[in-house]
Amino acid sequence: MMNSASFTGNKLHRLCTCSSFKLECLGRSICFLASSFYRFVILRFNTFLVQLCYFLCLSFQGFWVLKALKPRTPLRPRNLDLFFTSVSAATVSSMSTVEMEVFSNNQLLILTLLMFVGGEIFTSMVELQLWRSKLKKPLIAENQVNSVSNNSSAPPDPRNPFGQFELRVVTVPSMSNSTLETDEVQSQIEGRTKSLSSESLKYHSIKFLGFVVMGYLVVVHVLGVTLVSAYIALVSSARDVLKQKGLKLFTFSLFTTVSTLASCGFVPTNENMIVFSKNSGLLLIIIPQVLLGNTLFPSCLRFSIWTLGKFKKVESNYLLISTREIGFLHLLPSLHSTLLVPTVLGFILIQFTLFCSMEWNSEGLNGLNSYQKIIGALFQSVNSRHTGETIVDISTLSPAILVLVVVMMYLPPYTSFLPIKEICNGGRKRRRGKIVENLIFSQLSYLAIFIILICITERKKMKDDPLNFTVLNIVIEVISAYGNVGFTAGYSCERLLKPDSSCQSKWFGFSGKWSDEGKIILIFVMFFGRLKKFNMDGGRAWKLL
């Protein structure tokens, strides 16, 4: 009986051991296949296709989750409007076809996640990690070279004395030939070692840069959420707004901070920041976040690398000097990074001056004192590139300011005055084939095509409702979607030529009143604007004489 039990126990032990071994082998196989597929995607696929698939998958996943969650209101948004909102959050465009207060707290958190992982800083950090994985092969080669050199100079293993000898027939070269061959091999080894050392330095520098970007992202987010939460908790007027809207303090602080740093512009309230126009302290907290997350990010990143240089002097010096070799879009050369600051401040000053001179006594700033008007004008000027948060109704602004806003939204975020010719493409410019290069249009050409298509799809409404469906309002909507800004002229029932009692003014974007075809075209515009960095050199084949 004892022997039978012992036999059964041994059999079970062997079965368990065999099963665990099979599971371990299966796990290793899965990891190997996953890593192989991962490296295949990184090394084989085009960066543009990878990012396009990334934003498409992100948008569809966001749509499915938003659809599965219950909204705050009984009336559910249409599927197209939910997908439009998901695309708008993932591409940080903040274009809206439904009111923001329709979404529940859980849906707001999903939108926050979409804005965070779709933001330029986060995606650039992921791109750095993927790019760094391409440089692992030279490191492996370097380790192999070091291993070979160490083995060649290592003493014989006393446990295996016969493994150190090999019998073969050799020819003994002359001393001169042997010396020449030795010198040649030594020079090749030194050149290879220098090349590997350069690749190793580049690898560690990119790794250090990834940690700097990650730390920058975490610190600014934590600081922003803390400051916004503290202000709302201490100021009763701002706290009362959240109570009236039924918004949670943490959700609002997190949502607004992530949206601002990602340059999205979504705010959980229907009126955007209009309800906080008198809370100058909150606006002053948000203004630096707008600049840190967008137009001044390269300058702040370079300053962060220089500050942390005392801990990683070699890597930081390499990053600051070899910006073209690194090829990171947001790590600009010293001159461009320096001149970017006065350029951004100059654009803000121009908008601020024009805004104050033409809108000081306007309806949008009615009820504000002088200090609140100054802060509001500054907030509005900063947000036109490219965040899109607003304290006034854009449709009430004067035409001159609207045209200036359109220009500001169109300009890329790192536009800078450079007195000398400087190519700021990060050293990663690829020469396309002649046929493809000739077929690619400029940015303005594509925008003109999009505007024409939307004018075609909305031609009936432009005829029946000419005060709302103006060409200027359509241009503002398209350029705002392209620049991933989020400014919109909105829609007002008061501008109807024929009053309609069933018309209700809603706090969503002008595109919310468009046809389904127009909304789909604007979705393409948002994707095009989010990936416009891949087509900044388009239209070179066309010459204007």
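Residues numbered from 1 in each chain as written. Predicted model: local features only at pLDDT ≥ 70, side-chain atom pairs only at ≥ 80, totals over all residues. Heavy atoms only, no water.

Some remarks on the overall build of the protein
Across its full length, the protein holds 21 helices and 0 strands. Expressed as a percentage of the 545 residues in the protein, the buried residues total 46%. (Helix = DSSP H or I, 4+ residues; strand = E, 2+ residues; numbered from the N terminus. Buried < 20%, exposed > 50% of the residue type's maximum accessible area, 1.4 Å probe, protein only.)

Considering unusual backbone geometry
In this structure, serine 94 is a non-glycine residue whose phi angle is positive, near 60 degrees. In this structure, serine 94 sits in the loop between α3 (79–90) and α4 (105–118). Overall, serine 94 belongs to the buried group, its relative accessible area being 6%. A positive phi angle, near 55 degrees, is found at asparagine 484, a position not held by glycine. Locating asparagine 484 in the fold gives a position in the loop between α20 (471–482) and α21 (516–530). Overall, the relative accessible area of 7% leaves asparagine 484 in the buried class.

Concerning the pattern of salt bridges
Overall, the coordinates contain 8 salt bridges when judged by the stated rule. Between glutamate 120 and lysine 533 there is a salt bridge, with its nearest N and O atoms 3.4 Å apart. Of this pair, glutamate 120 sits in helix α5 (residues 120–134) while lysine 533 sits in the segment after α21, placing them 413 residues apart in sequence. With a relative accessible area of 27%, lysine 533 lands in the partly exposed category. Several salt bridges converge on common partners, so that one network encompasses Arg78, Asp81, Asp516 and Lys519. (Salt bridge = Lys/Arg side-chain N within 4 Å of Asp/Glu carboxyl O.)

Things to note about the UniProt feature "transmembrane region" (unreviewed entry) in the protein
Cross-referencing UniProt, the feature "transmembrane region" (unreviewed entry) maps to residues 48–66, 108–128, 208–234, 246–269, 281–306, 326–350, 391–411 and 439–457 in the present numbering. End C-alpha atoms of residues 108–128 are separated by 29 Å, and the span's content is 95% helix alongside 0% strand. A helix fraction of 57% and a strand fraction of 0% characterise residues 391–411, whose end C-alpha atoms lie 22 Å from each other. (UniProt positions renumbered as here; feature names shortened; annotations may be inferred.)

Describing the packing of aromatic side chains
Considering all chains together, one arrives at 16 aromatic pairs under this definition. Aromatic pair tyrosine 54 and phenylalanine 55: ring centres 5.3 Å apart, planes at 80 degrees, arrangement edge-to-face. Looking at tyrosine 54, the relative accessible area reads 31%, which means it is partly exposed. Clustering of aromatic rings is evident, with ring pairs tying together Tyr410, Tyr446, Phe450, Tyr482 and Phe528. (Phe/Tyr/Trp six-rings, centres within 6.5 Å; stacked < 30°, edge-to-face > 60°.)

Description of empty space enclosed by the protein
To find the voids left in a structure, one rolls a probe of water-molecule size over its atoms. Applying the stated criterion across every chain, the model contains 4 cavities of 30 Å³ or more. The computed volume of the largest cavity comes to approximately 90 Å³. Lining the largest cavity are Gln351, Leu354, Phe355, Gln380, Ser381, Ser384, Leu397, Ile401, Leu404, Val405 and Phe487. Looking at the lining of the largest cavity, the elements that each hand over two or more residues are α14 (334–359), α15 (370–383) and α16 (399–410). Taken together, the residues of the lining of the largest cavity break down into 7 nonpolar, 4 polar and no charged. Volume-wise, the second largest cavity comes out at about 60 Å³. Taken together, Phe116, Gly119, Glu120, Ile121, Phe122, Leu217, His221, Val258, Leu261 and Ala262 make up the full set of residues lining the second largest cavity. (1 Å grid on protein atoms, 1.4 Å probe; cavity = no way out; pocket = protein on both sides within 12 Å on 5 of 7 lines; lining within 4 Å. Points joined across faces, edges and corners; volume = space filled by probe spheres on them. Nonpolar A, V, L, I, M, F, W, Y, C, P; charged D, E, K, R; others polar.)

Overview of the state of the cysteines
Applying the stated rule across the entire model yields 1 disulfide. Residue cysteine 493 pairs covalently with cysteine 503 via a disulfide, S to S 1.9 Å. Measuring the twist about the S-S bond at about -80 degrees, one finds the cysteine 493-cysteine 503 disulfide to be left-handed. Residue cysteine 493 is located in the loop between α20 and α21, and its partner cysteine 503 is located in the loop between α20 and α21; the two are separated by 10 residues in the primary sequence. Free of any disulfide, cysteine 53 has its nearest neighbouring cysteine sulfur in cysteine 57, separated by 6.2 Å. The exposure class assigned to cysteine 53 is partly exposed, which follows from its relative accessible area of 45%. (Disulfide = S-S within 2.5 Å.)

Description of the confidence of the model for the protein
With 74% of its residues at a pLDDT of at least 70, the protein reaches an overall mean of 80. When the criterion is pLDDT under 50, residues 422–433 qualifies, and its contacts beyond four places in sequence or with other chains add up to 21 contacts. (pLDDT = per-residue confidence, 0-100. Contact = heavy atoms within 4.5 Å.)

Points about the layout of surface pockets
The calculated volume of the second largest pocket comes to roughly 740 Å³. Contributing to the lining of the second largest pocket are 38 residues, with Ile274, Asp393, Gly490, Trp507 and Phe508 lying nearest its centre. Counted by class, the lining of the second largest pocket contains 13 nonpolar, 18 polar and 7 charged residues.

Notes on the nonpolar core
Core analysis: the biggest nonpolar cluster contains 119 residues, and Leu111, Leu209, Met273, Ile305, Val478 and Leu522 have the highest contact counts within it. The residues contacting leucine 209, other than those within four sequence positions of it, are Leu128, Leu301, Ile305, Leu319, Ile326, Phe328 and Leu331. (Core = buried A, V, L, I, M, F, W, Y, C linked by side-chain atoms within 4.5 Å.)

Quick look at α16
Residues three or four positions apart in an α-helix share a direction because the helix packs 3.6 residues into each turn. Between its first and last C-alpha, α16 extends 17 Å over 12 residues, near the 16 Å set by a 1.5 Å rise per residue. Of the surrounding elements, those touching the buried residues of α16 are α14 and α20. (Expected span 1.5 Å × (residues − 1).)

A word on α14
End to end, α14 covers 38 Å across 26 residues, agreeing with the expected 38 Å (1.5 Å per residue, within 8%). In the structure, α14 departs most strongly from a straight axis at leucine 340, where the bend amounts to approximately 25 degrees and where the proline proline 342 lies between one and four residues downstream. Buried within α14 we find His336, Ser337, Leu340, Thr343, Val344, Phe347, Ile348, Gln351, Phe355, Cys356 and Glu359. Looking at the packing, one finds that the buried side of α14 touches α10 (280–293), α11 (297–307), α15 and α16. (Bend = angle between axes of the 7 residues up to and from the residue.)

Thoughts on a nonpolar patch on the surface
Together, Phe211, Met214, Val218 and Val222 make up a nonpolar patch on the protein surface, roughly 370 Å² of accessible area in all. If you trace the backbone, phenylalanine 211 turns up in helix α7 (residues 175–234). (Patch = residues over 30% accessible without salt bridge, like charges linked within 9 Å, V, L, I, M, F, W, Y side chains within 5 Å. Areas by Shrake-Rupley, 256 points an atom, 1.4 Å probe, with all protein chains shown as cover.)

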